Amino acid sequence: MEISAFPFPYLQDDECSHFLGLFQDMDSSPSGFGLEGFGNNDNNTNPKKRPRKDDEGGGGGGTELGAPVNGGSKAAFGDILATLLLLDEEAKQQQEQWDFESNKEKSLLEANHKKKVKTMDGYYNQMQDHYSAAGETDGARPKRARKTAVAAVVSAVASGVDTTGSAAPVPAADIASGSGSGPSHRRLWVKERTTDWWDRVSRPDFPEDEFRREFRMSKSTFNLICEELDTTVTKKNTMLRDAIPAPKRVGVCVWRLATGAPLRHVSERFGLGISTCHKLVIEVCRAIYDVLMPKYLLWPSDSEINSTKAKFESVHKIPNVVGSIYTTHIPIIAPKVHVAAYFNKRHTERNQKTSYSITVQGVVNADGIFTDVCIGNPGSLTDDQILEKSSLSRQRAARGMLRDSWIVGNSGFPLTDWLLVPYARQNLTWTQHAFNESIGEIQGIATAAFERLKGRWACLQKRTEVKLQDLPYVLGACCVLHNICEMRKEEMSPDLKFEVFDDVTVPENNIRSATAVNTRDHISHNLLHRGLAGTRTL
């Protein structure tokens, strides 16, 4: 019960005493104050007072009964005031007791805090002295011992201080091992994994053939890629652990792309965590996409275009060809959104199994090197629909960069002013049949390039678990690595040969330029006059 809720909360001790004295002096108050009847039972002192009438006929009885009643009132007021004073006194004493206990606890907490701060300052000074001594004797003490000492200091500060502020020293071996009973020095935050395989592969005396079988490239090409990506993928060492070296980061990514092995096997080979391996693959693929793609996968210059035209014409007798285009599908797990867009009806019918895919459409030169790629369109689109969405059609062709040039495609593409495709009708003439054979040979260069792409990087042969938003970076990295290997003439083992099989759907409107129709007929006629049409159809 709150004392302030009583009707007289504002009265102090001296005021209550005066209030009590006022009631005690009522009987002796002068007659002029009008208090004569309050507490005074003498009827003769007030001649104006009318006597009380009683129903039974006695007036003196009322006067006699009035005296004890007035006396009882004064006693009741006195008891009330006494109770008020006692309650107020008890509340003051209780409040003083609470204040005393609160101040005591506050003082104790402040003292403990000061002791803890003093103890932590001492540990901090010890750590600073330790690093100063380690700097003076650089190399004298192993890095791992210094890390153990730091771990001991940090763990002691975190858990070695009790409520009174005193700290008990914790053995470094116990801190490092995570228990107080074993002599092991295994760090608590790192799981010990073997790195014997990577240590053996990264040695200079490792056989070249085995290295090429594991990474699909020679040591010199691998070292070139590491040098190109060194500044991008290298991380700084921390106080808790050393960063993974750049060659090992690149090795994790390249080996994963080359073998298509599960992340569990990658973890076992390189001695890293599964999540760490997945993170490294995505990081290195992004670095290849951002750093190496502008350097190794780009549209050729004018001099390179002229050289490519000469190579195609010297072999296939069709002039002004700058590249061959092809589209392949990469199987994926059913996405969570827009599932119908990635559904591949043709692969589902052929495999008798529901299939989802993402597309890679690329243009290659006479050497099978990619000069343009369009990655990431859903697998439900046809070749001509993907072409309409690509930068090749929207930017290069629209800006006139493909004027007086041909890109050769299969019958799944439409005939345009810059895209040359074979005759799709039946009952072809000898000239048209010879033209289709020449177009088929040029188209075979693109098909062979995609076969080497998928054969060299086995991760493209099966359904990938990479997220849809990260998959374009992985596919782009594979195309860039393919170009690097082709430019450096990296040989590919016959065992890695992979046959691509993508159904071709003839577009509804496969002729979109009357000028291109006349030009194609003119090229076919020239093939006949050069004596190639008759010999090809025999």
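Okay, so let's go over this structure.

Reading the values: rules and limits
- Residues numbered from 1 in each chain as written.
- Predicted model: local features only at pLDDT ≥ 70, side-chain atom pairs only at ≥ 80, totals over all residues.
- Heavy atoms only, no water.
- Helix = DSSP H or I, 4+ residues; strand = E, 2+ residues; numbered from the N terminus.
- Buried < 20%, exposed > 50% of the residue type's maximum accessible area, 1.4 Å probe, protein only.
- Contact = heavy atoms within 4.5 Å.
- Areas by Shrake-Rupley, 256 points an atom, 1.4 Å probe, with all protein chains shown as cover.
- Core = buried A, V, L, I, M, F, W, Y, C linked by side-chain atoms within 4.5 Å.
- Pairing = 2+ DSSP bridges.
- Arc of directions from axis to C-beta.
- Patch = residues over 30% accessible without salt bridge, like charges linked within 9 Å, V, L, I, M, F, W, Y side chains within 5 Å.
- Salt bridge = Lys/Arg side-chain N within 4 Å of Asp/Glu carboxyl O.
- Lys, Arg positive; Asp, Glu negative; His and termini not counted.
- Charge placed at Lys NZ, Arg CZ, Asp CG, Glu CD.
- 1 Å grid on protein atoms, 1.4 Å probe; cavity = no way out; pocket = protein on both sides within 12 Å on 5 of 7 lines; lining within 4 Å.
- Points joined across faces, edges and corners; volume = space filled by probe spheres on them.
- Nonpolar A, V, L, I, M, F, W, Y, C, P; charged D, E, K, R; others polar.

**Structural notes on the overall build of the protein chain**
Right, on to step 1. Counting its regular elements, the protein chain contains 19 helices and 5 strands.
Right, on to step 2. Evaluated residue by residue, the protein chain yields a buried proportion of 38% over its 538 residues.
Right, on to step 3. Summarising the internal contacts of the protein chain: among those between residues at least 6 apart in sequence, 69% fall at separations of at least 24.
Right, on to step 4. For the protein chain, the accessible surface area stands at approximately 31,200 Å², while carbon and sulfur atoms represent 53% of it.

**Quick notes on the nonpolar core**
Right, on to step 1. Judged by nonpolar contacts, the single largest core of 95 residues is most densely connected at Phe-215, Phe-222, Leu-229, Leu-257, Leu-392, Ile-407 and Trp-457.
Right, on to step 2. In terms of residues, this core owes the most to one element, helix α10 (residues 274–296), which gives 11 residues.
Right, on to step 3. Once residues lying within four places of it in the same chain are set aside, the contact partners of Phe-222 are Trp-198, Phe-211, Phe-215, Met-217, Pro-247, Val-250, Gly-251 and Val-254.

**So, the sheet that holds strand β4 (residues 406–408)**
Right, on to step 1. Read across the open sheet, the 5 strands follow the order β3-β2-β1-β4-β5; overall the sheet is mixed. Whereas interior strands pair on both sides, the edge strands pair on one side only; in this sheet they are β3 (370–378) and β5 (419–420).
Right, on to step 2. Strand direction decides the pairing type here: strand β1 (residues 321–332) and β4, joined by 3 bridges, are parallel. The residue of β4 that forms the bridge with Ser-324 is Val-408.

**Some points on helix α6 (residues 208–215)**
Helical geometry note: an α-helix holds 3.6 residues per turn, so side chains three or four residues apart project in the same direction.
Right, on to step 1. Every buried residue of α6 is accounted for by Phe-211, Glu-214 and Phe-215. End-on view of α6: buried residues confined to an arc of 80 degrees, all on one side of the axis. Opposite the buried face of α6, at more than 90 degrees from it, the exposed residues are Asp-209 and Arg-213.
Right, on to step 2. Where α6 is buried, its residues touch α5 (196–201), α7 (219–233), α8 (246–259) and α9 (263–270).
Right, on to step 3. Where α6 terminates, the next one or two residues include Arg-216, which has phi positive at roughly 60 degrees.

**Details of the environment of Leu-419**
Right, on to step 1. Counting through the fold element by element, Leu-419 comes out in strand β5.
Right, on to step 2. Apart from residues no more than four positions distant in its own chain, Leu-419 is found in contact with Ile-325, Leu-387, Trp-406, Ile-407, Val-408, Gly-409, Phe-413 and Pro-414.

**Some points on a negative patch on the surface**
Right, on to step 1. There is a patch of like negative charges on the surface, built from Glu-89, Glu-90, Glu-96 and Asp-99.
Right, on to step 2. The residue Glu-90 is located in helix α2 (residues 60–136) in this model.

**Quick notes on empty space enclosed by the protein**
Right, on to step 1. All told, the structure shown has 3 cavities of 30 Å³ or more when counted by the stated rule.
Right, on to step 2. The calculated volume of the largest cavity comes to roughly 50 Å³.
Right, on to step 3. Lining of the largest cavity is provided by Tyr-326, Thr-327, His-329, Arg-346, Asp-383, Asn-410, Asp-502, Asp-503 and Val-504.
Right, on to step 4. In terms of residues, the lining of the largest cavity owes the most to one element, β1, which gives 3 residues.
Right, on to step 5. A per-class count over the lining of the largest cavity returns 2 nonpolar, 3 polar and 4 charged.

**Some points on the pattern of salt bridges**
Right, on to step 1. Under the definition given, this model contains 15 salt bridges.
Right, on to step 2. The partner of Arg-212 in a salt bridge is Glu-490, and the shortest N-O contact between them spans 2.6 Å. Placement of the pair is Arg-212 in helix α6 and Glu-490 in the loop between α17 (471–487) and α18 (514–529), with a sequence separation of 278 residues.
Right, on to step 3. A residue is classified by how much of its surface remains accessible, and Arg-212, at 27% relative accessible area, is partly exposed.

**Topic: unusual backbone geometry**
Right, on to step 1. Of note, Asn-320 is a non-glycine position whose phi angle comes to about 60 degrees, a positive value.
Right, on to step 2. Within the secondary structure layout, Asn-320 lies in the loop between α11 (302–316) and β1.
Right, on to step 3. Relative accessible area serves as the criterion here: at 33%, Asn-320 is assigned to the partly exposed category.
Right, on to step 4. Despite not being glycine, Asn-427 has its phi angle at roughly 55 degrees, a positive value.
Right, on to step 5. Structurally, the position occupied by Asn-427 is in the loop between β5 and α16 (430–456).

**What to know about the pairing of strand β2 (residues 356–364)**
Right, on to step 1. Within β2, 9 of the 9 residues are buried, leaving the element largely enclosed by the surrounding structure.
Right, on to step 2. Relative to β2, β1 runs antiparallel, the two sharing 9 bridges. Across the sheet, Ile-332 pairs through a bridge with Tyr-356, a residue of β2.
Right, on to step 3. In this structure, β2 lies alongside β3, joined through 6 bridges in antiparallel fashion. Bridge pairing in β3 links Val-363 to Asp-372.
Right, on to step 4. Turn length for the β2-β3 hairpin, with the two strands adjacent in sequence and antiparallel, is 5 residues, and the turn residue Gly-368 shows positive phi of about 80 degrees.

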